[in-house]
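Summary of structural features
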Amino acid sequence: MRIDILCLFPEMFVSPFSHSIVKRAEERGLVQVVAHNIRDYTHDRHGTADDYPYGGGAGMVLKPEPVFEAAEHIGQLTGVDNIPVVLLTPQGRPFTQRIAAGLSEYANLMLICGHYEGIDERVAENLATDEISIGDYVLTGGELAAMVVVDSVVRLIPGVLGSDESVTDDSHADGLLEYPQYTRPERYRGWDVPPILLSGNHGEIAAWRRRQSLLRTAARRPDLLEKATLTDKERAWISDNS
Ligand code: 6GU
């Protein structure tokens, strides 16, 4: 997969993608992440990427021309169109594991990071194919949101994670939160690992983990539980135990 990011601060992406799983995926040739500076596609001496909002009001708005021209230039370089072009904006639809999984199936992906008070609406209407927000809070720019999207998408590309880093048990993979995890030592400062995990009984361990997953989701994220696929028995069991 090739991911092109259009933004005002491409340097911000250097460190996050120089470590761990994204780095390993790049080294293995499974993904290529390229950050481009929108300012390189401005035409005036000062590299003006933003301007005052029509109608007045506070802040500056990212101009449409450099964003369209950057996207078109990069589209020509990569020789592909009909790829997802995702605008990162607090006005977007909430990002989820399901959206990450959908994006991970494409060979190419383009991410556009807004900045200042916003981005000219014609970018959202005529260039972006999707608008995504990573949560109900305000960031100073879309770069951090783009990093979140890249990280979550890259780890889902087949071959990126080893078999011992399976994604199927992840929190949210099945719409539920993950069960609690423990490692050695068996007793730490008097706190014991749940004995069932030491029993070697794989059936009972799986059942315990499923129950923990259900209880935890019921307690912390009842909104997720409504949408998750549970058996009638599991739903009854949750009502009895929470
Ligand atoms: Cl995608 N951008 C900005 N600027 N703020 C955000 C966001 C995106 N998602 C949540 N807050």
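Residues numbered from 1 in each chain as written. Predicted model: local features only at pLDDT ≥ 70, side-chain atom pairs only at ≥ 80, totals over all residues. Heavy atoms only, no water.

What to know about the packing of aromatic side chains
Counting across every chain of the model gives 2 aromatic pairs. On the basis of an interplanar angle of 50° and a centroid distance of 6.0 Å, the ring pair of Tyr-188 and Trp-191 is categorised as tilted. (Phe/Tyr/Trp six-rings, centres within 6.5 Å; stacked < 30°, edge-to-face > 60°.)

Looking at the sheet that holds strand S7 (residues 118-119)
Here 3 strands make up an open sheet; going across it, the order is S3-S4-S7 and the pairing mixed. Two strands bound the open sheet, and with one partner strand each, they are strand S3 (50-51) and S7. Bridge count for strand S4 (residues 61-62) against S7 is 2 bridges, and the pairing is parallel. Across the sheet, residue Leu-62 finds its bridge partner in S7, namely Ile-119. (Pairing = 2+ DSSP bridges. Helix = DSSP H or I, 4+ residues; strand = E, 2+ residues; numbered from the N terminus.)

Side note on the domain arrangement of the protein chain
If you check the domain split of the protein chain, you get domain 1 (2-154) and domain 2 (169-241). When each unit is reduced to the centre of its C-alpha atoms, the spacing between domain 1 and domain 2 is 37 Å. (Domains from an automatic or database assignment.)

Focus: the site of the ligand
In the neighbourhood of the ligand, the contacting residues comprise Leu-88, Thr-89, Pro-90, Ile-132, Ser-133, Ile-134, Gly-135, Tyr-137, Leu-139, Gly-141 and Ala-145. Ile-134 is positioned such that a nitrogen or oxygen atom in its backbone is 3.0 Å from a nitrogen atom of the ligand. One nitrogen or oxygen atom from the main chain of Leu-139 is found 3.1 Å from a nitrogen atom belonging to the ligand. Notes on the ligand: free accessible area 290 Å², of which the protein chains cover 96%. For the shell around the ligand, the per-class residue count stands at 7 nonpolar, 4 polar and no charged. (Near = heavy atom within 4 Å. Polar contact = N/O pair within 3.5 Å; in protein donor to acceptor, adjacent residues only side chain to side chain. Areas by Shrake-Rupley, 256 points an atom, 1.4 Å probe, with all protein chains shown as cover. Nonpolar A, V, L, I, M, F, W, Y, C, P; charged D, E, K, R; others polar.)

A few points about the side chain of Glu-143
Mapped onto the fold, Glu-143 is located in helix H5 (residues 143-154). Buried charge Glu-143 goes without a salt bridge, the closest partner of opposite sign being Arg-39 at 9.0 Å. In contact with Glu-143, not counting residues within four places along its chain, are Cys-7, Leu-8, Phe-9, Met-12, Phe-13, Cys-113 and His-115. (Buried < 20%, exposed > 50% of the residue type's maximum accessible area, 1.4 Å probe, protein only. Lys, Arg positive; Asp, Glu negative; His and termini not counted. Salt bridge = Lys/Arg side-chain N within 4 Å of Asp/Glu carboxyl O. Contact = heavy atoms within 4.5 Å.)

A short note on the packing of helix H6 (residues 202-220) against helix H8 (residues 232-241)
Where H6 meets H8, the closest approach of the two axes is 10 Å, and the angle between their N-to-C directions is 60°. Classed by the angle they form, the pair H6 and H8 counts as oblique. For H6 against H8, the interelement crossing comes out right-handed. On the side of H6, the interface is formed by Arg-210, Arg-211, Leu-214, Leu-215 and Ala-218, while H8 contributes Glu-234, Trp-237, Ile-238 and Asn-241. Of the residues that constitute the contact of H6 with H8, the class distribution is 5 nonpolar, 1 polar and 3 charged. (Axes fitted to C-alpha atoms, helices over the stretch in contact; angles between N-to-C directions. Parallel < 35°, antiparallel > 145°, perpendicular 65-115°, else oblique. Left-handed = near helix turned anticlockwise from the far one by under 90°.)

Details of the pairing of strand S1 (residues 2-7)
Extensive coverage of S1 is indicated by the burial of 6 of its 6 residues. Neither face of S1 is open: one carries Arg-2, Asp-4 and Leu-6, the other Ile-3, Ile-5 and Cys-7, and all of them are buried. As defined by bridge partners, S1 adjoins strand S2 (residues 32-37) across 6 bridges and the pair is classed as parallel. Paired with Leu-6 across the bridge in S2 is His-36. One crossover worth recording links S1 to the parallel S2 by way of helix H1 (residues 20-27), and it is right-handed. Direction of pairing for S1 relative to strand S6 (residues 108-113): parallel, over a ladder of 5 bridges. From the neighbouring strand, Arg-2 faces S6, where its bridge partner is Asn-108. (Right-handed = clockwise from strand over helix to strand, strands pointing away.)

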